[in-house]
Amino acid sequence: MILHNLNSLVKICHSSVRNNSFGQLKVVKVRSCDQLVFLFSASMVKAFSQLVEIEVSKCGCMKTIMFVESTDIGKIFDEKIEFLPLRSLTLQHLPIIDYFCSHELTSSLGPTENLLRVNISTPFFSDKVKFSNLETLKLSSVNLKKIWDDSSAPYLVHNLANLTVEDCSGLKYLFSSSMVGKLSNLKQLEISKCDMMEEIIATEEINGVAVGEVLFPKLEAIIIEDMQSLKTIWHRILASNSLACLKTLKVKNCEKIAFATLETLKVEDCKSVQEIFQVGDNADDIPRDIVVWLVL
């Protein structure tokens, strides 16, 4: 189902959906439908037994992806809504979206309630929605301050392999350190143009001591671009086997990241390695006191 430039469309489905409706639907792509306030009702989602891909972009009035209508609030919110077959989710250029799932549309709230909601960092993904098999998630130019919390993370990121976050200016960090352990299948991470983000992994402390080891056992590529406030890529509590599969690290136009604090670089089991640093005209960029270990 591909819906493009339908400027008068206010709902995809007007009434309740039978269980055998949309049973073969695998892909939904919606673009430039400026009157859509939400994409699906909760009753529609239960009919999507084979939906593997959702892509929503440039819908200027969209407040939520899934809306739980008043007649369904009691029975729906007592159970989790599961997107079991979903493999890919792309949300981009949705300037006023609040949550993935909501039972109210904030445009109907008064100015005081809206102001309170803006000041509270409520996760975009709640624990009411489960994504057991989601592999690819892209969030671009989406209005959010927090993507998920530790309670909802197991339902969203357990099988996540590719994560792209760009132009989400309200984010101060991407992960909490206690949540990173749930990203055991993450292979590629791309972050760009998140102007407020100072760290990718927020350091959590108890009595001044950092908690939670950072673990990315399958991560192969990290791409970071145009991050004006980012000061560090990872902090000092990396687990011993973290980043063991890392093949590509690309950092571009990140003015506040300083590699001068790097003290130790260990290269192990790389029998074909020919070069560690490429020294050009500006050799001062390489830390002078770095200790390089080569274990061949």
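Below is a short write-up of the structure. (Residues numbered from 1 in each chain as written. Predicted model: local features only at pLDDT ≥ 70, side-chain atom pairs only at ≥ 80, totals over all residues. Heavy atoms only, no water.)

Moving on: the overall build of the protein chain. Looking only at helices and strands, one finds four helices and 20 strands in the protein chain. The proportion of buried residues among the 296 residues of the protein chain is 38%. Within the protein chain, contacts between residues at least 6 apart in sequence are counted, and of these 84% link residues at least 24 apart. If you sum the accessible surface of the protein chain, you get close to 16,200 Å²; carbon and sulfur atoms cover 48% of it. (Helix = DSSP H or I, 4+ residues; strand = E, 2+ residues; numbered from the N terminus. Buried < 20%, exposed > 50% of the residue type's maximum accessible area, 1.4 Å probe, protein only. Contact = heavy atoms within 4.5 Å. Areas by Shrake-Rupley, 256 points an atom, 1.4 Å probe, with all protein chains shown as cover.)

Below, the discussion takes up the sheet that holds strand β17 (residues 221–225). The nine strands are arranged β1-β2-β4-β7-β10-β11-β13-β17-β18 in an open sheet whose pairing can be described as parallel. Looking at the sheet topology across the chains shown, the edges are occupied by β1 (2–4) and β18 (248–252). The sheet shows a mean angle of 5° between the axes of neighbouring strands, taken without regard to direction. Where strand β4 (residues 53–57) lies against strand β7 (residues 88–94), five bridges are found, and the strand directions are parallel. Bridging from a neighbouring strand, Glu-55 pairs with Thr-90 of β7. (Pairing = 2+ DSSP bridges. Axes fitted to C-alpha atoms, helices over the stretch in contact; angles between N-to-C directions.)

Residues Phe-100, Trp-148 and Phe-175 are the most contacted members of the largest nonpolar core, which totals 71 residues. Dropping the residues within four chain positions of it, Trp-148 is found in contact with Pro-123, Phe-125, Leu-137, Leu-156, Val-157, Leu-160, Leu-163, Leu-174, Phe-175 and Met-179. (Core = buried A, V, L, I, M, F, W, Y, C linked by side-chain atoms within 4.5 Å.)

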